[in-house]
Amino acid sequence: MELTFPVFRGSADQRIIPDTTTRKLGANEVYIETTHSGLCGTDEHFMHNGLVLGHEGIGIVKHVGPEVTSVRVGDRVGFGYVRKTCRACNQCLTGWSQYCPDGRMYLTHDHDLGSLSHGTVWDADWAFPIPDGYDSAYAAPLLCAGATVWTCLTQYNIRPGQRVGVLGIGGVGHMAIKLANAIGCHVVVFSRTEGKRQEALDFGAAEFHLFGGDHVLDEMFEPVQHLLVCGQPGKSLDTSVPLMANNSTMFFITASFEPIEVSFAPLIQHGICIQSSFIASRQIVLDLLGFAARKKIYPTIMEFPLTQAGIEEAMQMLKSGKIRYRAVLHR
């Protein structure tokens, strides 16, 4: 079966370009009619490459290949950064397919497929059923922002009752506050902006501290055991060391292509570990969707139409820091 559908690309001059894509439906693939897409800061990094943007998609399965057994026509599903994996290597079988050593993993950005579209063709194994009753507009940001945070919170020995810091309150950071609070952590938020204090507390933070620039931590401040860096950490990690307890971990979640300086002596003296988090495994995404639905955890979103004008408006607001806190486009 051959399918043609509208998509939206970035461009070298930073404009959104409407286009169409034609794809054949493979044996284990599904055609998803896109209804919602989150907008991620990563989309800015790909804007100039001419790719179909978006990797936080929700839609309805309209066609299935002959070997598809995991979803059916009419199912509401999500699709994220990973489009397809080999399903054969040990990394796939154990759930950590983002580390596929043989180069057989295909990411969302294969040039012609993404969630800023009216449809997409996706491997059925990477289409995630959305729990009944959980709104698609809230589900979309979980596919990237939420899932990346969830990987940190569930895979690296973060436990209820521990002090978990969140540095930066944005699309990723506000999800980190909500999810860390939901699993029983004592959430400590650091921000340059006093104006976000009440929102951080409403999201579930137990403490709020101004940090960065001329702000100085109170001498009675108790360091955190884990720090989720959800914004730009600055030019040096050394400034964040005073936030950290002995034998603690810094998690870097948001993407940055700028070099960051680090002095190893303070890290060694305090036993501080640096850990990154990128693409969530299939099981982690499924676990998060179920958890968010059960606990009624919802991203804080602003909605825009899934049109050229709507994407351009949302992208401009994202660049200027005016999105509170995740942009979601819908048809």
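Below or above, wherever it landed, is the structure these notes cover. (Residues numbered from 1 in each chain as written. Predicted model: local features only at pLDDT ≥ 70, side-chain atom pairs only at ≥ 80, totals over all residues. Heavy atoms only, no water.)

Some points on the pattern of salt bridges
Line of reasoning, step 1. Taken as a whole, this structure holds nine salt bridges when the rule is applied.
Line of reasoning, step 2. A salt bridge links Arg15 to Asp13; its shortest N-O distance comes to 2.8 Å.
Line of reasoning, step 3. Taking relative accessible area as the criterion, Arg15 reaches 43% and is therefore assigned partly exposed.
Line of reasoning, step 4. Its relative accessible area of 44% is what places Asp13 among the partly exposed residues.
Line of reasoning, step 5. Where Arg83 meets Glu29, a salt bridge forms, and the shortest distance between an N and an O atom there is 3.7 Å. Linking Arg83 in strand β6 (residues 82-84) with Glu29 in strand β3 (residues 29-39), this pair joins segments that are 54 residues apart in sequence. Here Arg83 matches Glu29 in class, with each residue buried.
Line of reasoning, step 6. When salt bridges that share partners are traced, they join Arg9, Asp19 and Asp112 into one network. (Salt bridge = Lys/Arg side-chain N within 4 Å of Asp/Glu carboxyl O. Buried < 20%, exposed > 50% of the residue type's maximum accessible area, 1.4 Å probe, protein only. Helix = DSSP H or I, 4+ residues; strand = E, 2+ residues; numbered from the N terminus.)

Examining the pairing of strand β11 (residues 186-191)
Line of reasoning, step 1. With five of its six residues buried, β11 lies for the most part within the structure.
Line of reasoning, step 2. Where strand β10 (residues 163-167) and β11 come together, five bridges link them in parallel fashion. Note that in β11 the partner of Arg163 across the bridge is His186.
Line of reasoning, step 3. Taken together, β10, helix α5 (residues 173-182) and β11 constitute a β-α-β crossover, and its handedness is right-handed.
Line of reasoning, step 4. Here β11 runs beside strand β12 (residues 207-210); their pairing, made up of four bridges, is parallel. Note on β12: the bridge partner recorded for Val189 is Phe208.
Line of reasoning, step 5. Handedness of the crossover joining β11 and β12 through helix α6 (residues 197-203): right-handed. (Pairing = 2+ DSSP bridges. Right-handed = clockwise from strand over helix to strand, strands pointing away.)

Considerations on the side chain of His226
Line of reasoning, step 1. Examined against the element boundaries, His226 turns out to sit in strand β13 (residues 224-229).
Line of reasoning, step 2. His226 gets classed as buried once you look at its relative accessible area, which sits at 6%.
Line of reasoning, step 3. Polar side-chain contacts of His226 include one of 2.9 Å to the side chain of Gln162. (Polar contact = N/O pair within 3.5 Å; in protein donor to acceptor, adjacent residues only side chain to side chain.)

Describing the packing of helix α4 (residues 145-155) against α5
Line of reasoning, step 1. One way to put it is that α4 packs onto α5 with a least axis distance of 9 Å and a crossing angle of 45°. It follows from the interaxial angle that α4 and α5 lie oblique. Here α4 and α5 pass one another in a crossing that is right-handed. Contacts between α4 and α5 involve Gly146, Val149, Trp150 and Leu153 from the first element and Met175, Ala176, Leu179 and Ala180 from the second.
Line of reasoning, step 2. Among the residues making up the contact of α4 with α5, the classes are represented as seven nonpolar, one polar and no charged. (Axes fitted to C-alpha atoms, helices over the stretch in contact; angles between N-to-C directions. Parallel < 35°, antiparallel > 145°, perpendicular 65-115°, else oblique. Left-handed = near helix turned anticlockwise from the far one by under 90°. Contact = heavy atoms within 4.5 Å. Nonpolar A, V, L, I, M, F, W, Y, C, P; charged D, E, K, R; others polar.)

Here's the deal with helix α9 (residues 308-319)
Line of reasoning, step 1. Here α9 spans 16 Å end to end across twelve residues, near enough to the 16 Å set by a 1.5 Å rise per residue.
Line of reasoning, step 2. Among all positions in α9, only Gly310, Ile311, Ala314, Met315 and Met317 are buried. Projected down its long axis, α9 carries its buried residues within an arc of 165°, all on one side.
Line of reasoning, step 3. Here the buried face of α9 lies against β1 (2-9), β3, α1 (41-46), β16 (301-305) and β17 (326-330). (Expected span 1.5 Å × (residues − 1). Arc of directions from axis to C-beta.)

Observations concerning the sheet that holds strand β14 (residues 244-252)
Line of reasoning, step 1. If you walk across this open sheet you meet the six strands as β12-β11-β10-β13-β14-β15, and the pairing is parallel. The open sheet is flanked by β12 and β15 (273-276), the only strands paired with a single partner. Taken pair by pair, the neighbouring strands of this sheet meet at an average axis angle of 20°, ignoring direction.
Line of reasoning, step 2. Sheet topology note: the β10/β13 ladder contains four bridges and is parallel. Pairing of Gly165 across the sheet is with Leu227, part of β13.

Points about the packing of aromatic side chains
Line of reasoning, step 1. Per the counting criterion, the structure on display carries ten aromatic pairs.
Line of reasoning, step 2. Each ring, one from Phe203 and one from Tyr325, has its centre 5.5 Å from the other, and the planes form 80°; the classification is edge-to-face. Taken together, the residues Phe203 in helix α6 and Tyr325 in the loop between α9 and β17 connect sequence positions 122 residues apart. Each member of the pair, Phe203 as well as Tyr325, is classed as buried.
Line of reasoning, step 3. Among the aromatic residues, ring-to-ring pairing joins Tyr134, Tyr138 and Tyr298 into one connected group.
Line of reasoning, step 4. When the ring centre of Phe221 is taken as reference, the NZ or CZ atom of Arg163 above it lies at 5.9 Å. (Phe/Tyr/Trp six-rings, centres within 6.5 Å; stacked < 30°, edge-to-face > 60°. Lys NZ or Arg CZ within 6 Å of the ring centre and 35° of its normal.)

From the geometry alone we can't say anything about function, so treat these as descriptive.
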